[in-house]
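Residue strings, one per chain:
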Amino acid sequence: MSNDDFEHLPVLLDEVLAALEPKPGAKIFDCTFGRGGHTRALLAELDPSAEVFAIDKDPEAVLAASAMAATDPRLTVMHASFSDLKAMAERHGVLGDVTGVLFDLGVSSPQLDDPQRGFSFLDPGPLDMRMDPSSGRSAAEWLSRVTERDLCDALKSLGEERYARRIARSIVAARKRQVIETTTQLAEIVTRASPTRERGKHPATRTFRAIRMYVNRELEELQRGLVQAVEVLAPEGRLAVISFHSLEDRVAKRFIRAESRDSEPFPPARNGFTAARLRAVGKPIFPSADEIARNPRARSAVLRVAERKR
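Residues numbered from 1 in each chain as written. Predicted model: local features only at pLDDT ≥ 70, side-chain atom pairs only at ≥ 80, totals over all residues. Heavy atoms only, no water.

**Details of the overall build of the protein chain**
Assigned secondary structure in the protein chain consists of 14 helices and seven strands. Its C-alpha atoms give the protein chain a radius of gyration of 20 Å, within 12% of the compact-globule value 19 Å for 310 residues. Residues classed as buried in the protein chain amount to 50% of the 310 residues present. In the protein chain, of all internal contacts separated by at least 6 residues, the share reaching a separation of at least 24 is 68%. As displayed, the protein chain has an accessible area near 15300 Å², and 49% of this comes from carbon and sulfur atoms. In the protein chain, 47 side chains carry a positive charge and 45 a negative one; their mean positions are 8 Å apart. (Helix = DSSP H or I, 4+ residues; strand = E, 2+ residues; numbered from the N terminus. Rg over C-alpha atoms; globule rule 2.2 N^0.38 Å. Buried < 20%, exposed > 50% of the residue type's maximum accessible area, 1.4 Å probe, protein only. Contact = heavy atoms within 4.5 Å. Areas by Shrake-Rupley, 256 points an atom, 1.4 Å probe, with all protein chains shown as cover. Lys, Arg positive; Asp, Glu negative; His and termini not counted. Charge placed at Lys NZ, Arg CZ, Asp CG, Glu CD.)

**Quick look at the packing of aromatic side chains**
Tallied over the full model, the rule gives four aromatic pairs. Residues Phe82 and Phe103 carry aromatic rings whose centres are separated by 5.1 Å and whose planes lie at 90 degrees to one another, so their mutual orientation is edge-to-face. Placement of the pair is Phe82 in the loop between strand S3 (75–79) and helix H5 (85–91) and Phe103 in strand S4 (residues 98–104), with a sequence separation of 21 residues. Phe103 carries the same exposure label as Phe82, and that label is buried. On the numbers, 5.3 Å between centres and 85 degrees between planes, the contact of Phe121 with Phe208 is edge-to-face. (Phe/Tyr/Trp six-rings, centres within 6.5 Å; stacked < 30°, edge-to-face > 60°.)

**Thoughts on the nonpolar core**
If you look at the biggest cluster of nonpolar residues, it comprises 34 residues, and the most contacted ones within it are Leu127, Leu143 and Leu186. Where this core is concerned, the elements lending two or more residues are helix H7 (139–145), helix H8 (148–159), helix H9 (164–177), helix H10 (183–193) and helix H11 (205–215). Among the nonpolar cores identified, the runner-up in size contains 29 residues, and Cys31, Phe82, Ala89 and Ala252 belong to it. (Core = buried A, V, L, I, M, F, W, Y, C linked by side-chain atoms within 4.5 Å.)

**Looking at unusual backbone geometry**
Residue Glu160 is not a glycine yet carries a positive backbone phi of 50 degrees. Among the structural elements, Glu160 can be located in the loop between H8 and H9. The exposure class assigned to Glu160 is partly exposed, which follows from its relative accessible area of 32%.

**Considerations on the sheet that holds strand S1 (residues 27–30)**
On the basis of which strands lie adjacent, the open sheet formed by seven strands has the order S3-S2-S1-S4-S5-S7-S6 and mixed pairing. Two strands bound the open sheet, and with one partner strand each, they are S3 and strand S6 (278–280). Recorded for the sheet is a direction-independent mean angle of 20 degrees between the axes of neighbouring strands. Direction of pairing for strand S5 (residues 233–243) relative to strand S7 (residues 302–308): antiparallel, over a ladder of six bridges. Of the residues in S7, the one forming a bridge with Ala240 is Val305. Packed on one face of the sheet, helix H2 (residues 13–20) meets S1, S4, S5 and S7 and runs near 165 degrees to S5. Contacts from helix H3 (residues 37–45) reach S1, strand S2 (51–56), S3, S4 and S5 within the one sheet, and its direction differs from that of S1 by about 165 degrees. (Pairing = 2+ DSSP bridges. Axes fitted to C-alpha atoms, helices over the stretch in contact; angles between N-to-C directions.)

**Description of the environment of Ala193**
Within the element layout of this structure, Ala193 appears in helix H10. Between the alpha carbons of Ala193 and Arg166 there is a distance of 6.2 Å; along the sequence they are 27 residues apart. In contact with Ala193, other than residues within four places in its own chain, are Arg166, Ile167 and Ser170.

**Points about H11**
Along an α-helix, a turn takes 3.6 residues, which lines up residues three or four apart on a common side. Taken across its 11 residues, H11 has nine buried, putting it largely inside the fold. Taken residue by residue, H11 has Arg206, Thr207, Phe208, Arg209, Ala210, Ile211, Arg212, Met213 and Val215 as its buried positions. Where H11 is buried, its residues contact H7, H8, H9, H10, helix H12 (218–232) and helix H13 (246–259). Of the residues flanking the end of H11, it is Arg217, one or two places downstream, whose phi is positive at about 50 degrees.

**So, the pairing of S2**
Counting buried positions along S2 gives five out of six residues, so the element sits mostly inside the fold. Bridge count for S1 against S2 is four bridges, and the pairing is parallel. Of the residues in S2, the one forming a bridge with Phe29 is Phe53. Where the polypeptide runs from S1 across H3 and back to S2, its parallel neighbour, the crossover connection is right-handed. Where S2 and S3 come together, five bridges link them in parallel fashion. When the bridges of S3 are listed, Asp56 appears paired with His79. The parallel pair S2 and S3, bridged by helix H4 (residues 59–69), forms a crossover whose chirality is right-handed. (Right-handed = clockwise from strand over helix to strand, strands pointing away.)

In structure tokens:
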């Protein structure tokens, strides 16, 4: 199967459709449009009165979404981050009336497969890694200025890299000799700094993930997006979150757990009691063996679903 095939295989598609329960008049936010696999399937299930709102930071994804919207008036496209979810819902008059919110986290296949985006160490390309190349600092810019200590902290916390200190030291030393501006440069530095290899993983895997997540502030964006998802959902509206590694999944898991409990602040305050806003729906959902065989990139996916309480 080619990389082009991967681009058109949305992960856990049937499970997402079941979770979001598309009904007549539904209003659903696809907060990570990518190339529109989930959105396309949702539109196929929905009636003419329904609406789908597609959000993406990536200008190329927005172009793809706009092409889809040109043939379907039920689709509205926004170039934004999912941390802007509440503002987008307010702008379109659906705040508190949304029946479904989907987050499909991480880097998309088209981003990963394009060497010019700088997400992959497999092919030479500029060290960019921004979800939106038109804003913020690239990975190369950040690496040219970050302190060794801050880099080490990022590699530990976001990459869970056991050799974070060695790798950070090697990157800082290398940049004194030559500007680090390509993916292959960085991958070679990390490989030389890694004394051992994980089975089945390139030595630079965790470093690239950590830098990408730091540059795009992915965990912070996710936390803000989840909070806003609860605020935009209608009673009995569904939240579905697809994660691809433990850090993202931990954020989603803890958020749903916290929002599914009644709580009282400490120390107790008058009128401080907070009722649970969510109800977890079922257990975490993983891809089947058949799906993984069709699309190996689905192998680490996990779907969590929650429902807005009345």
